[in-house]
Amino acid sequence: MAVSRTAAGVSSGIVTGLAWGCMFAVAKSAYGHLDPFHLTAVRFVLAAAVFCVLLLVREGRAAFAFEGRLGRLWVLSTIGFAGFNFCTYVGLESIPAQSSALIMATMPLVTVLVMWGRTRKAPPLVTLALVLAALLGVAMVLGNGNPAAVVTGGVGYGGLLTLVGVAGWILYTTGAAGYPSWSPLRYTTLTCLLGTASIVVITVAASFTGWIPNPGLREYPAVWWQILYVVVAATTVAALTWNTAFRNLGPSNGVLFINLVPITAFVVQAFRGHRPTPYEIAGVCVVLAALAASNLYSRRRAAAQAAQAAPATEAEPAPQAAAGR
């Protein structure tokens, strides 16, 4: 059973990384017809419908019950689905697709900061140093070798906006721990429904006020294959496999597959004619090295803590035995 759960988690993580790695180039290619808000809205309206059918077939009507948790779920869903996707897609307008994908790869280290805020327990200094190293690598890519350009405004707000979206997605993902009895499909479906409602309301309000353009109906068929990809591969499949990887492997292992996202994105852009600059290559290497070092350090630290706790646990029965005599 443990082997099958691990295999399912690993395969799910790989699928997620590949699907999201291709998503940025695909989504950006649709911007000539649909703005980020309407693309996000149509993406999740269709994806939510697919999730509902899947959940109804697999678990029945009872699975649609919120069990008195509607308010908290709605907040999580809005932060995760609306916050992450609006921030990422709007940010994608001003930064290259591969740069956006690289920022997503910082999820494991952003998780450290999010958990620090939630638990009020500071992570080790080594972990914080690796977080800063990863962010430096991202800044190298965004600033084309000049990390300070991110601070001075030389690269626009797209990178920072994407990073905010990543933090929102981590808040949503780690929130799944509060629903251990729910299947990944149920958690994904119910949160997608609530998140989609927020996305539609925000999009309609932004269109009504004139903040964003209101595309005509003929614009949607013009990007049908992009919509198909972001609905099926990047949302329906990827969201399920992401939550499955987290459930089966745990957060520290499941989130590692996000490393595939920038690698896939850079490969896709290379096939489209983009030649990575030395600064981009160096920045990617810094980010991936920081992620690998962080995971290795956390594993060794956890193993050391477990080893220290083991003798104390084994020694506990001794006094009981003596008392029995």
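A look at the overall build of the protein chain
Turning to step 1, where the next piece is worked out: When helices and strands are counted, the protein chain shows 15 helices and zero strands.
Turning to step 2, where the next piece is worked out: Over its C-alpha atoms the protein chain spans a radius of gyration of 22 Å, differing by no more than 12% from the 20 Å that the globule rule assigns to 325 residues.
Turning to step 3, where the next piece is worked out: Summarising its shape, the C-alpha atoms of the protein chain cover approximately 85 × 55 × 35 Å along the three principal directions.
Turning to step 4, where the next piece is worked out: Looking at the protein chain as a whole, 48% of its 325 residues qualify as buried.
Turning to step 5, where the next piece is worked out: The contacts in the protein chain between residues at least 6 apart in sequence include a share of 86% that link residues at least 24 apart.
Turning to step 6, where the next piece is worked out: Of the accessible surface of the protein chain, which amounts to about 15500 Å², a share of 70% is contributed by carbon and sulfur atoms.
Turning to step 7, where the next piece is worked out: If the 19 positive side-chain charges of the protein chain are averaged to one point and the 8 negative ones to another, these points end up 5 Å apart.

Section: the packing of helix α4 (residues 97-104) against helix α6 (residues 125-142)
Turning to step 1, where the next piece is worked out: At a minimum axis distance of 10 Å, the contact between α4 and α6 shows a crossing angle of 175°. Judged by the angle between their axes, α4 and α6 are roughly antiparallel. On α6, the residues touching Ser99, Leu102 and Ile103 of α4 are Gly137, Val138, Val141 and Leu142.
Turning to step 2, where the next piece is worked out: In terms of residue class, the contact of α4 with α6 is made up of five nonpolar, two polar and no charged.

With respect to the side chain of Thr191
Turning to step 1, where the next piece is worked out: Looking at the element boundaries, Thr191 is found in helix α9 (residues 184-208).
Turning to step 2, where the next piece is worked out: Among the residues examined, Thr191 registers a relative accessible area of 0% and is labelled buried.
Turning to step 3, where the next piece is worked out: Excluding anything up to four places from it in sequence, Thr191 contacts Leu73, Ser77, Phe81 and Tyr172.

Quick word on the nonpolar core
Turning to step 1, where the next piece is worked out: The biggest cluster of nonpolar side chains holds 78 residues, and the ones touching the most others in it are Trp20, Phe24, Leu39, Met104, Met107, Trp169 and Tyr187.
Turning to step 2, where the next piece is worked out: Look past the residues within four positions of Phe24 in its chain and what remains in contact with it is Thr88, Leu92, Ala97, Ser100, Ala101, Met104 and Val261.

Let's talk about the environment of Arg247
Turning to step 1, where the next piece is worked out: Structurally, Arg247 can be placed in helix α11 (residues 224-249).
Turning to step 2, where the next piece is worked out: Taking the C-alpha atoms as reference, Arg247 lies 8.8 Å from Ala176; in sequence the two are 71 residues apart.
Turning to step 3, where the next piece is worked out: Once residues lying within four places of it in the same chain are set aside, the contact partners of Arg247 are Arg5, Tyr179, Pro180, Trp182, Ser183 and Pro184.

A look at the pattern of salt bridges
Turning to step 1, where the next piece is worked out: For the coordinates displayed, the defined rule picks out one salt bridge.
Turning to step 2, where the next piece is worked out: A salt bridge links Glu67 to Arg186; the shortest N-O distance between them is 3.2 Å. With Glu67 in the loop between α2 (36-59) and α3 (70-91) and Arg186 in helix α9, the pair connects residues that are 119 residues apart, well separated along the chain.
Turning to step 3, where the next piece is worked out: Residue Glu67 is classed as partly exposed on the basis of its relative accessible area of 43%.

Here we look at the packing of aromatic side chains
Turning to step 1, where the next piece is worked out: Applying the stated criterion to the full structure yields 12 aromatic pairs.
Turning to step 2, where the next piece is worked out: Geometrically, the ring pair formed by Trp20 and Trp242 is tilted, given 5.2 Å between the ring centres and 45° between the ring planes. Separated by 222 residues along the polypeptide, Trp20 in helix α1 (residues 2-28) and Trp242 in helix α11 bring together distant segments of the chain. Each of the two residues, Trp20 as well as Trp242, counts as buried.
Turning to step 3, where the next piece is worked out: With a centroid separation of 4.9 Å and an interplanar angle of 40°, the aromatic rings of Tyr179 and Trp182 are classed as tilted. Per residue, the accessibility class of Tyr179 equals that of Trp182, and both read buried.
Turning to step 4, where the next piece is worked out: The lysine or arginine in question, Arg186, covers the ring of Trp182, its NZ or CZ lying 4.2 Å from the ring centre.

Focus: α2
Turning to step 1, where the next piece is worked out: With 24 residues, α2 extends 33 Å from end C-alpha to end C-alpha; this agrees with the ideal 34 Å at 1.5 Å per step.
Turning to step 2, where the next piece is worked out: With a side-chain oxygen positioned 3.0 Å from the backbone nitrogen of Phe37, the residue opening α2 is Asp35.
Turning to step 3, where the next piece is worked out: Backbone geometry just after α2 places Gly60 at a positive phi near 85°.

Things to note about helix α5 (residues 107-119)
At 3.6 residues per turn, the α-helix brings residues three or four places apart onto the same side.
Turning to step 1, where the next piece is worked out: Taking 1.5 Å of rise per residue, 13 residues should cover 18 Å, and α5 covers 18 Å from first to last C-alpha, within 8% of that figure.
Turning to step 2, where the next piece is worked out: Positive phi appears at Arg120, one or two residues downstream of α5, with a value of about 65°.

Points about the state of the cysteines
Turning to step 1, where the next piece is worked out: With the rule as written, the count across this model stands at zero disulfides.
Turning to step 2, where the next piece is worked out: Unpaired in terms of disulfides, Cys52 finds its nearest cysteine sulfur in Cys192, a separation of 7.8 Å.

Concerning the confidence of the model for the protein chain
Turning to step 1, where the next piece is worked out: Looking at the protein chain as a whole, the pLDDT averages 83, with 91% of positions reaching at least 70.
Turning to step 2, where the next piece is worked out: Contacts of residues 318-325 to residues separated by more than four positions or lying in other chains number zero contacts, the stretch itself having pLDDT below 50.

A closer look at the packing of α3 against helix α8 (residues 158-174)
Turning to step 1, where the next piece is worked out: One way to put it is that α3 packs onto α8 with a least axis distance of 7 Å and a crossing angle of 160°. For the element pair α3 / α8, the angle class is roughly antiparallel. Note that α3 runs across α8; the crossing there is left-handed. Across from Leu76, Ile79, Gly80, Phe81, Gly83, Phe84, Cys87, Thr88, Val90 and Gly91 in α3, the residues of α8 making contact are Gly158, Leu161, Thr162, Val164, Gly165, Val166, Gly168, Trp169, Leu171 and Tyr172.
Turning to step 2, where the next piece is worked out: Residue composition of the contact of α3 with α8, by class: 12 nonpolar, eight polar and no charged.

Parameters and conventions
Residues numbered from 1 in each chain as written. Predicted model: local features only at pLDDT ≥ 70, side-chain atom pairs only at ≥ 80, totals over all residues. Heavy atoms only, no water. Helix = DSSP H or I, 4+ residues; strand = E, 2+ residues; numbered from the N terminus. Rg over C-alpha atoms; globule rule 2.2 N^0.38 Å. Buried < 20%, exposed > 50% of the residue type's maximum accessible area, 1.4 Å probe, protein only. Contact = heavy atoms within 4.5 Å. Areas by Shrake-Rupley, 256 points an atom, 1.4 Å probe, with all protein chains shown as cover. Lys, Arg positive; Asp, Glu negative; His and termini not counted. Charge placed at Lys NZ, Arg CZ, Asp CG, Glu CD. Axes fitted to C-alpha atoms, helices over the stretch in contact; angles between N-to-C directions. Parallel < 35°, antiparallel > 145°, perpendicular 65-115°, else oblique. Nonpolar A, V, L, I, M, F, W, Y, C, P; charged D, E, K, R; others polar. Core = buried A, V, L, I, M, F, W, Y, C linked by side-chain atoms within 4.5 Å. Salt bridge = Lys/Arg side-chain N within 4 Å of Asp/Glu carboxyl O. Phe/Tyr/Trp six-rings, centres within 6.5 Å; stacked < 30°, edge-to-face > 60°. Lys NZ or Arg CZ within 6 Å of the ring centre and 35° of its normal. Expected span 1.5 Å × (residues − 1). Polar contact = N/O pair within 3.5 Å; in protein donor to acceptor, adjacent residues only side chain to side chain. Disulfide = S-S within 2.5 Å. pLDDT = per-residue confidence, 0-100. Left-handed = near helix turned anticlockwise from the far one by under 90°.

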